[in-house]
2 protein chains.
Amino acid sequence: MKGQTKYLLDENQLPKAWYNIVSDITFPVPPLLHPVTKEPTILPPPLFCQALIEQDETKEQYVEIPEPLKEIYQLWRPTPLFRAHRLEQALGTPAHIYYKYEGASPPGSHKPNTAVAQAYYSKEAGVKRLSTETGAGQWGSALAFACQLFDMECKVYMVKISYQQKPYRRSMIHTWGGNVTPSPSEETQAGRGILAEDPECLGSLGMAISEAVEVAATNDDTKYSLGSVLNHVLLHQTVIGEEAIRQMEMADEYPDVVIGCVGGGSNFAGVAFPFLRERLTNGVKTRFVAVESAACPSMTKGVYAYDYGDTAHLAPIAKMDTLGHTFVPAGIHAGGLRYHGVAPLLSALHREGYIDPIAYPQIPVFEAAVMFARTEGIIPAPETSHAIRAAIDEALDAKEKGEKRVILFNFSGHGHFDMGAYDGYFAGKLVDFEYPAEKVQAALCNLPDVGTTA
Amino acid sequence: MKGQTKYLLDENQLPKAWYNIVSDITFPVPPLLHPVTKEPTILPPPLFCQALIEQDETKEQYVEIPEPLKEIYQLWRPTPLFRAHRLEQALGTPAHIYYKYEGASPPGSHKPNTAVAQAYYSKEAGVKRLSTETGAGQWGSALAFACQLFDMECKVYMVKISYQQKPYRRSMIHTWGGNVTPSPSEETQAGRGILAEDPECLGSLGMAISEAVEVAATNDDTKYSLGSVLNHVLLHQTVIGEEAIRQMEMADEYPDVVIGCVGGGSNFAGVAFPFLRERLTNGVKTRFVAVESAACPSMTKGVYAYDYGDTAHLAPIAKMDTLGHTFVPAGIHAGGLRYHGVAPLLSALHREGYIDPIAYPQIPVFEAAVMFARTEGIIPAPETSHAIRAAIDEALDAKEKGEKRVILFNFSGHGHFDMGAYDGYFAGKLVDFEYPAEKVQAALCNLPDVGTTA
């Protein structure tokens, strides 16, 4: 039996810079708009420190990674690239399947790639505390981890239903010294307003964002931190793809297709953008497959329109693939894929034809997860398993067509905190939710009126 | 702020052989005895395949690691060695603290180092299935992982109280295709006997071993697998220390003290034996600190005597540091440290003065765990946290004495499946169990009568 092959970089090969795809895009990406005036705006300074605002706007091709941050990165980076020989054998495919393994970071996912960067720049700017929201807790635990390393406080609003049902990522936040509150809460005006209308409300990501933004807006020592969607977040994640490019060179292959799951879009962008650079600037014909949940199909079934990022309309308005900010997706196990919109940069690339989105219901996703665990030995998070499903289907398609095909996907995180979902799958209790056409249609009636700007 | 420093080896630097400390020991290690005849014996062939029996007996200094196994090892090995700068700073110590990080393997601990080796040799011998026992599930999940990679079946008897209270390692076993049964069960004569006396019995490791051994003894296609204690298990774990020796060379330092936690003794032996070789053969004056739980103090409070390894007296008798095989320790969170005995090889080294044991209650252990998580960023398992407590105390002692001291400990596993224990600690619910003198005294009355052999 053939083992996997591992392609490793040493610390000296850690990328020196993040890649900014904006520099190589020839079409316009619509600007953010102010939620009240509807005028073009940068990220609001009360919420973000100057360095991150500049990174969100920069047209430079590369942004240098500061030395102290490279030291922190080395706790888990460079991450390995694996060739999945045993999975290939099990599928009987001529395709070569590679995966970039982001699961070995202390919080267990790609999220700390940007969490430590945001904490670093905020600390440099004298910020004492970062506030954020989290669903299942992957992002909240990553930010608590990052704040602890830089001796800052971390305030996390965790969607109440997850706070109650998934206690262990909450425990991680606590262990790393973070302060975590179930949302909606009595701590903010936004939370109190929601609870006044519905005291039993179990929360949503949009509500938790409103609470975290409010705390940053009303406290001088606090800035807000977002784990996906924004340009600077996608920028930080490109460290994944920059490493993967060098590792594919070591393997002496180049991907025909690059795959990642998409919630807000940061892990997909992280692996894809450096390879997209080669397509944009050198005409390399790689396909890019963005995999979303059929329960939250922003790219495959949404509209490309200006929409709010949060329920209280405190954050800037962004033009993006959206299902409407009032849409609340079904309770799938891939909590990280339950955001109503997709990063503006990714949405624009999608509309220009650079990205092929695809959506899967969760049962075939868990089939793929179990197959991966039983061949490659690593148990993936439900979010990651969406990318695995697509990689397996690409490999089966290559088999049917008798093609050698080089497939690369991003293994965004492990499933250690999702074993209850696996139990549900084995017990036959998972449900494949239908595309919620009516709910989406209703939610799309709540898009902001931005006049002629759109 | 200074980050950690990481010392990495590439795949070509993966050790070519395991180190067998028996070859360098000048004092006698008492042989195993047959549980019925009380005569010296090798491991019983109905339970173990020939290659593993030979490894248990060999006097060769090195045992070569087969190529296919090295390929599998590369899924997570070589593992990194870190210098814990942030922990040192927090302690204000002149000591240098290094840790070998075994938490990045797919099951999250050092256990697969021997699990994949045992699965490999068993597969080569035509075995179809491995049976084993597990407490909290760390070993059971590692063996299920290993069997799946070699396309073998895996049968795990899991202590019933853990099966009920800690469902997620059970879910991992299931995800990797293993079959897991709560013990005592109706499936074996041993289990039925226990249930006939006490239908509500919640099980113990000794009972689960009896069930797993019986299944192997009564099925031709099945062998038994043990996750610690035996010579060949300790042998496989020396891959840890062999890597660490090269990594300490990269750091241009040599440990004054090497620390590991001890349940059965395999992770401690794994890190310590290669450094012990330098003391045995070159007179290098390193100290070796074995850290156990005060609730199960086999080395610090037990006797050195021949004892049974399981409650049904099916496995060989071994001379070891023991609290008596009928002793059932309190329900500490470090489930992996709850075995009544310690590896015969480790016990003999202890009695000859090569190993300094120390025992800690669990509350100071969790204090150390949280300090480590908040400085170094990685959340340790409760077992591992015993080693961390001892490393911190060494560093504080060095500070008091104004000594530069080089400390190396083995980070045997992460705490992702132990977050409930952290919750208990933060809620002030943990209890420091007293040394159970009377229970131990009673258990020691049940030692086997081995006549003059001892």
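Residues numbered from 1 in each chain as written. Chains lettered and ligands numbered in written order. Predicted model: local features only at pLDDT ≥ 70, side-chain atom pairs only at ≥ 80, totals over all residues. Heavy atoms only, no water.

### Focus: the overall build of chain A
Applicable threshold: The way it works is that DSSP assigns letters per residue, a run of H or I at least four long becomes a helix, a run of E at least two long becomes a strand, and they are numbered from the N terminus. As a reference, a globule follows 2.2 Å times the number of residues to the power 0.38, and the radius of gyration itself is taken over C-alpha atoms. When a residue's accessible area, from a 1.4 Å probe over protein chains only, is under 20% of the maximum for its type it is buried; when over 50% it is exposed; and in between it is partly exposed. Residues count as neighbours in contact if any of their non-hydrogen atoms are within 4.5 Å of one another. Using a 1.4 Å probe, accessible areas were evaluated by the Shrake-Rupley method; residue-level cover was limited to the displayed protein chains.
When helices and strands are counted, chain A shows 17 helices and 17 strands. Relative to its length of 454 residues, chain A is compact, with a C-alpha radius of gyration of 20 Å against a globular reference of 22 Å. Overall size of chain A, expressed as C-alpha extent along the three principal axes, is 60 × 50 × 50 Å. Counting every position in chain A, which comprises 454 residues, the buried fraction comes to 65%. Considering only contacts within chain A whose residues lie at least 6 apart along the sequence, 77% involve residues at least 24 apart. Summed over its atoms, the accessible surface of chain A is roughly 15,200 Å², and 49% of this surface lies on carbon and sulfur atoms.

### Some remarks on the packing of helix H14 (residues 362–376) of chain B against helix H16 (residues 419–426) of chain B
Helices that pack against each other are described as a pair by the angle of their axes relative to one another and the distance between those axes. All names here are of chain B. Just so we agree on the cut-off: Between N-to-C directions, angles span 0 to 180 degrees; the directions come from axes that are lines fitted to C-alpha atoms, helices contributing only their stretch in contact. Note on terminology: angles under 35 degrees are roughly parallel, angles over 145 are roughly antiparallel, angles of 65 to 115 are roughly perpendicular, and the others are oblique. Asp, Glu, Lys and Arg are counted as charged, while Ala, Val, Leu, Ile, Met, Phe, Trp, Tyr, Cys and Pro are counted as nonpolar; the rest, among them Gly, fall into the polar class.
Viewed as axis vectors pointing N to C, H14 and H16 meet at an angle of 110°, and their least axial separation amounts to 11 Å. The angle between H14 and H16 falls in the class roughly perpendicular. Contacts between H14 and H16 involve Ile-363, Phe-366, Glu-367, Ala-369, Val-370 and Arg-374 from the former and Ala-421, Tyr-422, Tyr-425 and Phe-426 from the latter. Classifying every residue of the contact of H14 with H16 by side-chain character gives 8 nonpolar, no polar and 2 charged.

### A short note on helix H8 (residues 189–197) of chain A
Side chains three or four residues apart in an α-helix point the same way, a direct result of the helix having 3.6 residues per turn. Residue and element names in this part refer to chain A. Rules: Read the arc as the range of directions from the helix axis to the C-beta atoms.
For H8, the full list of buried residues reads Ala-190, Gly-191, Ile-194 and Leu-195. Taken down its axis, H8 places every buried residue within 125° of arc, on the same side. Residues of H8 that are exposed and point more than 90 degrees away from the buried face comprise Gln-189, Ala-196 and Glu-197.

### Focus on the sheet that holds strand S16 (residues 356–360) of chain A
Working definition: the strands of a sheet are paired by backbone hydrogen bonds and lie parallel or antiparallel to each other. Residues and elements named next belong to chain A. So the rule is basically this: Pairs of strands are assigned from DSSP output, requiring at least two bridges between the strands.
In spatial order, the strands read S1-S6-S7-S17-S12-S13-S16; together these 7 strands make up an open sheet with mixed pairing. Two strands in the sheet have a free side with no partner beyond their single neighbour: strand S1 (5–7) and S16. Strand after strand, the sheet turns through a mean of 25° between neighbouring axes, direction not considered. Bridge analysis of strand S13 (residues 287–293) against S16 gives 5 bridges, and the strand direction is parallel. Bridge pairing in S16 places Ser-293 opposite Tyr-360. Contacts between helix H11 (residues 266–282) and the sheet are confined to strand S12 (257–261), S13 and strand S17 (406–411), with S12 contributing the most and set at about 160° to the helix.

### Overview of the domain arrangement of chain A
By a widely used convention, the size of an interface equals the accessible area lost when the partners come together. Residues and elements named next belong to chain A. Put simply, the test is: Domain extents, as shown, originate in an automatic or database domain assignment. The term buried area refers to how much accessible surface (probe radius 1.4 Å) is lost by two components on association, counted for both of them together. Salt bridge criterion: a side-chain nitrogen from Lys or Arg within 4 Å of a carboxyl oxygen from Asp or Glu.
Examined at the domain level, chain A breaks down into domain 1 (6–13 + 65–108 + 232–444) and domain 2 (110–230). Taking both sides of the interface into account, the surface hidden between domain 1 and domain 2 amounts to around 3,100 Å²; carbon and sulfur atoms contribute 66%. Between domain 1 and domain 2 we count 1 salt bridge in total. Of the charged contacts in the structure, one is a salt bridge between Arg-169 and Asp-418, with a shortest N-O distance of 3.7 Å.

### A short note on the environment of Cys296(A)
Residue and element names in this part refer to chain A. Mapping Cys-296 onto the fold places it in the loop between S13 and helix H12 (298–301). Owing to a relative accessible area of 2%, Cys-296 belongs among the buried residues under this scheme. With 26 residues separating them in the primary sequence, Cys-296 and Thr-322 have C-alpha atoms 9.5 Å apart. The residues contacting Cys-296, other than those within four sequence positions of it, are Leu-323, Phe-327, Pro-329, Leu-337, Arg-338 and Tyr-339.

### Some remarks on empty space enclosed by the protein
Selection criterion: Residues are said to line a cavity or pocket when one of their atoms sits within 4 Å of a point; the points come from a 1 Å grid over protein atoms alone, cavities being sets where a 1.4 Å probe fits but cannot get out and pockets being open sets with protein on both sides within 12 Å along at least five of seven lines. Grid points are joined across faces, edges and corners, and a volume is the space filled by probe spheres set on the points.
Summed over all chains, the structure comprises 9 cavities of 30 Å³ or more. In this structure, the largest cavity spans a volume of roughly 660 Å³. Listed by contribution, the elements that provide at least two residues to the lining of the largest cavity are strand S8 (129–134), helix H5 (138–149), helix H9 (205–217), helix H11 (266–282), strand S15 (317–322) and helix H15 (382–401) of chain B. No other element matches H9(B), which puts 3 residues into the lining of the largest cavity. Broken down by class, the residue content of the lining of the largest cavity amounts to 23 nonpolar, 19 polar and 4 charged. Here the second largest cavity is characterised by a volume of approximately 460 Å³. What lines the second largest cavity is a set of 32 residues, and nearest its centre among them are Lys111(A), Trp139(A), Ser228(A), Gly264(A) and Gly336(A). Within the residue set of the lining of the second largest cavity, elements represented by two or more residues are strand S8 (129–134), helix H5 (138–149), helix H9 (205–217), H11 and helix H15 (382–401) of chain A. Looking at the lining of the second largest cavity, its residues break down into 9 nonpolar, 18 polar and 5 charged. Residue contributions to the lining of the second largest cavity reach at least three from each of two domains, namely domain 1 (6–13 + 65–108 + 232–444) and domain 2 (110–230) of chain A.

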